[in-house]
Amino acid sequence: MFPAPVRRLALLLACALVLPTAAHAAEVVVYSARVEPLIKPLFDAYTKETGVDVRFATDKEGPLLARLQAEGENTQADVLLTVDAGNLWQAAEAGVLRPVDSAVLRANVPAQLRDPGDRWFGLAIRARALVYSPERVKPDELVSYEDLASPKWKGRLCLRTSKKVYNQSLVAMMIARLGEAKAEEIVKGWVANLATEPLASDNQVIEAIDAGKCDVGVVNTYYFGRLLEEKPGLKVRLAWPDKVGPGVHVNISGAGVTRHAKHPAEAQQLLEWLSSPKAQGLFASLNLEFPVNPAVPADPKVTAWGPYKADPANVADAGRLQKQAVMLMDRAGYR
Amino acid sequence: MAGAVTASAGRRRPAAIPPSAGRLLRTAALALGAAVAVPLAVLFSVWAAPQTEVWEHLAATVLPGLVRNTLVLLAGVGAGTLLLGGGLAWLTARCDFPGRRWLDVGLMLPLALPAYVLAFVVQGTLDAAGPLQSALRAHFGPAAPGFEVRGTGWVVAILTLAFYPYVYLLARQAFLALGRGTLEAARLLGLGPWGTFFRVALPAARPAIVAGLSLALMETLADFGAVSVLGYDTFTTAIYKAWFGLFNLPAAAQLASLLLLFVALALFGERRLRGRARFHETARGAPPPRLRLTGARGWAAAAAAFAVVAAGFVVPTAQLVHWAWATASAELDARYLSLLWRTLLLGGSAALVTVAGALVVSLARRQFADAPTRAAVGLAALGYALPGSVLAVGVMMCFAAVDNGLNALWQMAGGQRLGPVLGGSIAALLLAYLVRFLAVAAGPTGSALERLRPSTVEAARSLGARGADLLRRVYFPLLRPGLLTAALLVLIEVMKEMPATLLLRPFGWDTLAVRVFEFTSEGDWRRAALPAVTLVLAGLPPVAWLARRTTAHADGD
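Residues numbered from 1 in each chain as written. Chains lettered and ligands numbered in written order. Predicted model: local features only at pLDDT ≥ 70, side-chain atom pairs only at ≥ 80, totals over all residues. Heavy atoms only, no water.

Observations concerning the overall build of chain B
Then, in step 1: When you go through chain B residue by residue, the secondary structure sums to 22 helices and 4 strands.
Then, in step 2: Taken over C-alpha atoms, the radius of gyration comes to 24 Å for chain B, in line with the 24 Å a tight globule of 557 residues would show.
Then, in step 3: When its C-alpha atoms are laid out on the principal axes, chain B stretches across 80 × 65 × 50 Å.
Then, in step 4: Each of the 557 residues in chain B was classed as buried or not, and the buried ones make up 56%.
Then, in step 5: For chain B, the proportion of contacts with a sequence separation of at least 24, taken over those separated by at least 6, is 84%. (Helix = DSSP H or I, 4+ residues; strand = E, 2+ residues; numbered from the N terminus. Rg over C-alpha atoms; globule rule 2.2 N^0.38 Å. Buried < 20%, exposed > 50% of the residue type's maximum accessible area, 1.4 Å probe, protein only. Contact = heavy atoms within 4.5 Å.)

This is how it looks when you write it as structure tokens:
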């Protein structure tokens, strides 16, 4: 009844369905919201060095967390890796991460970049900086995120959509520091200053400044670094908003060991290795992020932007106050 | 008279099939309905815990605007796909003009381009930072007039270009299937070309057009990729805001279930409006002559069709190739072969499974009118309207629950922990595709069945054909064009599918769409061009086959 190719396909399919997944002697399984090009080189290096296989599945944080929760104690995942602190905080809150008692991690990761309860650890720093047009803005005009709400920026500001977690974390940290009322006032000020409706990506913010549609914007530094590699003629510069106030808002890409990990020891070793100088150097060069390990210098392209003063608050606040921040931005009309 | 369209009042059922086969068919349809219903029920179950805080917040802030945006988008894309899809279908099916044979196939090509890819290409090309406006500024200085590729008009235009092929494909098949006799009868009875179109062709093609239109509109409702590239917030935005921003998956599921309810009501309403008319071609006859558009009219028709192909396929693909070229040396390696193979394997398997499911559902709808069957059939069409991630999570939760149950049972029986059994298996992924794309396959399958004359079946029966024999010798050959159309559509859809593939794929089972995600999720659109263009090229053969097949079918015999 069915032609031969169809029968062959069905057979193949049946095999794929019943074949058990190969058993590995030593392995660790990672659910990762950090995408493949930014983790595979690290995992490959780890496997080469230790012989431990790293299997991973990439997806967005939301589905990965839902999967961890639904799978419960039958999950295969040993490690959850994300690109922001908010989702790690949320995972810890949901009870899918376990505390890890590791002197190595405590030594390698500064206290404000890891969970006070030791359930997750930052592995790379993502700093949110200002970008501006050197033709229309003098660098010393750029002082802080709050200042972008001042009327002098009316019609000159470009922001990425509030739906992106980086902006949610930024506002959450502002709520932690200044209180909700003051933070809302600032966000309203931003909205009033927008040159155009919020954009879909950090790259678009940089390109809008380059195209002359606006004069100043807020982006994660590695987007700027990557775009500059691609388009060296970009008429955009980077500035640190740390002249007044607490300093530059930093987020982390980080990881924790799952509560129901089947290979907890291997998982902890992987995390420790990822925080070690060797891996930190890779982290830094793969995506132009800043290493968390203070002993490791950033990529020369990155250090060229000069040193900055980082906000010393613990990034856990970004998770604790994220919901409040999203609601605040909705109220302020920040789309 | 060689042929006529009979609009038979009242539901004419084919003669009863053997009770055993009937029972089997009905059980299978109910099982399929259940397969779709369970993940949806998981979503609806969240209403047990109303998320008052989130609802109040959304209602007071963004929701009214999002609902308005969504309705505007539906109206715009609905009108756009009807005009473009329906109009071009009539033009290529019933008229003749220079280049028609090429454009016939060409007009299907935008189907190979995922909507989110079209959106990022159009924006990357035409927006302020793109090559066009940059060149303008370089020439005329910074004061050169510019525009932004955002806002309602652009979103409607881009989604229309991405989704009109659904209407085009199905409407064109319906127009091609009109017999010479039908159209001659209409002309003899005094109708002009326009009258024939509006009073005969359109009503006869209505089920097909509606099937295409509902696919286009459900895609529009479920779309998150294209609208977020273009910064246009819709109801889907609220779903993801509740989930990713407010960390409230139950509230997101509640919002999604409202979306489903809306689609269910719309589909139900259309069925009621269509009434009980059924159209059957009573004789095939020779294909009717095409209306020859000569001179300026012919060239205008060709230009219009070509403009659509250019905007929806040629220009975006050229831009993609241009971008992909820059990254190909660093990125293109042997992995792409395995990415391609997995993409095709998953698409092909899903097409088989889903078309089989759609056939069961359509046959059951034709055969049985009881409430459970009707409910199962209705449910089967709904998976397509859900945003992909939401549906994927619903399916994933079901599998996880089954796995947890199996593990608990096994351990009670004294065994070791099994770990995931269904979760992360190909079977799970295929079931998710089935749930999502049953509606896609059901359209062409259902339309094909509606055109199957009861008298043919009765004649076969009276000649002694029974059961499987009847299926093999009568149903299958007659339905094959429709089934093949359905299979190709599902294949193309599955190749482009992203959220369910991401969440449910076995470890290491990356596809081209997954590769696109790996770049776009970090905002790296240009590096996504290589996997995207590979995906488009891989989709071309099935799309071209789809288009060619239906042409040959009309011109050949």
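Comments concerning the domain arrangement of chain A
The extent of an interface is frequently quoted as the accessible surface area lost upon association of the parts.
Residue and element names in this part refer to chain A.
Then, in step 1: Once the domains are mapped, chain A shows domain 1 (27-125 + 250-297) and domain 2 (126-249 + 310-331).
Then, in step 2: The C-alpha-based centres of domain 1 and domain 2 are spaced at 27 Å.
Then, in step 3: Each side of the interface is counted separately: domain 1 has 24 residues, and domain 2 has 24 residues.
Then, in step 4: Between domain 1 and domain 2, the buried area comes to about 1,800 Å², and carbon and sulfur atoms account for 60% of it.
Then, in step 5: Together, Gln 112, Val 250 and Leu 288 form the three largest contributors to the area buried by domain 1 at its contact with domain 2, with a combined 35%.
Then, in step 6: The tally of links from domain 1 across to domain 2 stands at 1 salt bridge.
Then, in step 7: With its nearest N and O atoms 2.7 Å apart, the salt bridge here joins Glu 289 to Arg 126.
Then, in step 8: Inspection of the region where domain 1 meets domain 2 yields 8 residue pairs in polar contact (both at pLDDT 80 or more). (Domains from an automatic or database assignment. Buried area = accessible area lost by both parts, 1.4 Å probe. Salt bridge = Lys/Arg side-chain N within 4 Å of Asp/Glu carboxyl O. Polar contact = N/O pair within 3.5 Å; in protein donor to acceptor, adjacent residues only side chain to side chain.)

With respect to the interface of chain B and chain A
Then, in step 1: Taken together, the contact pairs 60 residues of chain B with 63 residues of chain A.
Then, in step 2: Between chain B and chain A lies a buried interface of about 5,400 Å² when both sides are counted; carbon and sulfur atoms form 57% of it.
Then, in step 3: For the interface between chain B and chain A, the tally reads 10 salt bridges.
Then, in step 4: Linking B:Arg526 and A:Glu230 is a salt bridge whose minimum nitrogen-to-oxygen distance equals 2.7 Å.
Then, in step 5: Of all the elements in the fold, those that place two or more residues in the side of chain B that touches chain A are α2 (52-60), α10 (225-229), α11 (235-245), α14 (335-367), α16 (388-412), α17 (426-451), α20 (499-504) and α21 (512-520) of chain B.
Then, in step 6: By residue number, the principal contributor to the side of chain B that touches chain A is α16(B), which donates 8 residues.
Then, in step 7: Here the side of chain B that touches chain A is composed, by residue class, of 27 nonpolar, 17 polar and 16 charged. (Nonpolar A, V, L, I, M, F, W, Y, C, P; charged D, E, K, R; others polar.)

Description of the packing of helix α1 (residues 19-44) of chain B against α14(B)
All names here are of chain B.
Then, in step 1: Viewed as axis vectors pointing N to C, α1 and α14 meet at an angle of 120 degrees, and their least axial separation amounts to 9 Å. By the angle between their directions, the pair α1 and α14 is classed as oblique. Considering the relative orientation of α1 and α14, their crossing is left-handed. Here Leu 25, Ala 28, Ala 29 and Leu 32 of α1 lie close against α14, whose contacting residues are Gly 357, Val 360, Val 361, Leu 363, Ala 364 and Gln 367.
Then, in step 2: Looking at the contact of α1 with α14 residue by residue, the class counts come to 8 nonpolar, 2 polar and no charged. (Axes fitted to C-alpha atoms, helices over the stretch in contact; angles between N-to-C directions. Parallel < 35°, antiparallel > 145°, perpendicular 65-115°, else oblique. Left-handed = near helix turned anticlockwise from the far one by under 90°.)

A word on the packing of aromatic side chains
All names here are of chain B.
Then, in step 1: Counted according to the given criterion, the structure contains 25 aromatic pairs over all chains.
Then, in step 2: Here the aromatic rings of Phe 120 and Trp 525 are separated by 4.7 Å at their centres, their planes lie at 40 degrees, and the arrangement is tilted. Of this pair, Phe 120 sits in helix α5 (residues 115-126) while Trp 525 sits in the loop between α21 and α22 (529-556); the two residues are 405 residues apart in sequence, bridging distant segments of the chain.
Then, in step 3: On the accessibility criterion, Phe 120 (4% relative accessible area) is buried.
Then, in step 4: The exposure class of Trp 525 is partly exposed, given its relative accessible area of 23%. (Phe/Tyr/Trp six-rings, centres within 6.5 Å; stacked < 30°, edge-to-face > 60°.)

Quick notes on the nonpolar core
Then, in step 1: Counting 189 residues, the largest nonpolar core has B:Leu159, B:Phe175 and B:Leu320 as the members making the most contacts within it.
Then, in step 2: The leading source of residues in this core is helix α7 (residues 152-177) of chain B, at 17 residues.
Then, in step 3: For B:Leu159, the contacting residues outside a window of four places in its chain are B:Leu73, B:Val77, B:Ala115, B:Thr220, B:Asp223, B:Ala226 and B:Val227.
Then, in step 4: Of all hydrophobic cores here, the second largest spans 108 residues; its members include A:Phe224, A:Leu274, A:Val292 and A:Ala332. (Core = buried A, V, L, I, M, F, W, Y, C linked by side-chain atoms within 4.5 Å.)

Description of a nonpolar patch on the surface
Residue and element names in this part refer to chain B.
Then, in step 1: Among the surface-exposed residues, Phe 44, Trp 47, Leu 258, Leu 261 and Leu 265 lie close enough to one another that they form a single nonpolar patch of about 440 Å² accessible area.
Then, in step 2: For the nonpolar patch, the element with the most residues is helix α12 (residues 249-274), which contributes 3 residues.
Then, in step 3: Exposure remark for Trp 47: the relative accessible area of 33% places this residue in the partly exposed category. (Patch = residues over 30% accessible without salt bridge, like charges linked within 9 Å, V, L, I, M, F, W, Y side chains within 5 Å. Areas by Shrake-Rupley, 256 points an atom, 1.4 Å probe, with all protein chains shown as cover.)

A short note on the pattern of salt bridges
Then, in step 1: Summed over the entire model, instances satisfying the criterion amount to 50 salt bridges over all chains.
Then, in step 2: Here A:Glu185 and A:Lys182 are joined by a salt bridge, their closest N and O atoms 3.8 Å apart. With A:Glu185 and A:Lys182 both in helix α7 (residues 180-193) and 3 residues apart, this pair spans about one turn of that helix.
Then, in step 3: Among the residues examined, A:Glu185 registers a relative accessible area of 52% and is labelled exposed.
Then, in step 4: By relative accessible area, A:Lys182 is classed as partly exposed at 38%.
Then, in step 5: Notably, a salt bridge pairs B:Asp233 with A:Arg335, separated by 3.2 Å at the nearest N-O pair. Placement of the pair is B:Asp233 in the loop between α10 and α11 and A:Arg335 in the segment after α14 (322-331), with the two residues belonging to separate chains.
Then, in step 6: Owing to a relative accessible area of 8%, B:Asp233 belongs among the buried residues under this scheme.
Then, in step 7: Its relative accessible area of 31% is what places A:Arg335 among the partly exposed residues.

Concerning the pairing of strand β1 (residues 27-32) of chain A
All names here are of chain A.
Then, in step 1: Most of β1 is tucked away, with 6 of its 6 residues classed as buried.
Then, in step 2: In β1, alternate side chains face the same way, and those of Glu 27, Val 29 and Tyr 31 on one face and Val 28, Val 30 and Ser 32 on the other are all buried.
Then, in step 3: As judged from the 6 bridges shared by β1 and strand β2 (residues 53-58), these two strands associate in the parallel manner. Looking at the pairing, Ser 32 lines up with Thr 58 of β2.
Then, in step 4: What joins β1 to β2 is helix α2 (residues 40-50), and the crossover it makes is right-handed.
Then, in step 5: As paired strands, β1 and strand β3 (residues 79-82) are joined by 3 bridges and run parallel to one another. Residue pairing across strands places Tyr 31 opposite Leu 80, the latter belonging to β3. (Pairing = 2+ DSSP bridges. Right-handed = clockwise from strand over helix to strand, strands pointing away.)

A short note on the domain arrangement of chain B
Residue and element names in this part refer to chain B.
Then, in step 1: Here chain B is partitioned into domain 1 (1-49 + 332-521) and domain 2 (62-281 + 294-321).
Then, in step 2: If you average the C-alpha positions of domain 1 and of domain 2, the two centres end up 24 Å apart.
Then, in step 3: Contact with domain 1, which involves 47 residues of that partner, is made by 47 residues of domain 2.
Then, in step 4: Counting the surface lost from both domain 1 and domain 2, the interface buries some 4,100 Å², and carbon and sulfur atoms represent 66% of this.
Then, in step 5: In this structure, the connection of domain 1 to domain 2 is made through 9 residue pairs in polar contact (both at pLDDT 80 or more).
Then, in step 6: Broken down by secondary-structure element, the contributors of at least two residues to the side of domain 1 that touches domain 2 are β1 (5-7), α1, α16, α17, α19 (467-496) and α21.
Then, in step 7: Here the element with the most residues in the side of domain 1 that touches domain 2 is α17; it accounts for 8 residues.
Then, in step 8: Among the residues forming the side of domain 1 that touches domain 2, the class breakdown is 29 nonpolar, 10 polar and 8 charged.

What to know about the state of the cysteines
All names here are of chain A.
Then, in step 1: Applying the stated criterion to the full structure yields 1 disulfide over all chains.
Then, in step 2: Here Cys 158 engages in a disulfide with Cys 214; their sulfurs sit 2.0 Å apart. On the sign convention where negative is left-handed, the bridge of Cys 158 and Cys 214, at about -100 degrees about the S-S bond, is left-handed. With Cys 158 in strand β6 (residues 157-158) and Cys 214 in the loop between α8 (202-210) and β7 (216-220), this residue pair connects regions lying 56 residues apart in the sequence.
Then, in step 3: According to the relative accessible area criterion, Cys 158 is buried, its value standing at 0%. (Disulfide = S-S within 2.5 Å.)

Some words on empty space enclosed by the protein
Then, in step 1: In total, this model carries 7 cavities of 30 Å³ or more according to the counting rule given.
Then, in step 2: The dominant element in the lining of the largest cavity, judged by the number of residues it contributes, is α16(B), at 5 residues. (1 Å grid on protein atoms, 1.4 Å probe; cavity = no way out; pocket = protein on both sides within 12 Å on 5 of 7 lines; lining within 4 Å. Points joined across faces, edges and corners; volume = space filled by probe spheres on them.)

Here's the deal with the packing of α5(B) against helix α6 (residues 131-140) of chain B
Residue and element names in this part refer to chain B.
Then, in step 1: Relative to each other, α5 and α6 sit at 5 degrees, their axes nearing to 4 Å. When the axis of α5 is compared with that of α6, the two are roughly parallel. For the pair α5 and α6, contact is made by Gly 124, Thr 125 and Leu 126 and by Pro 131, Leu 132 and Gln 133, respectively.
Then, in step 2: Tallied by class, the residues present in the contact of α5 with α6 amount to 3 nonpolar, 3 polar and no charged.

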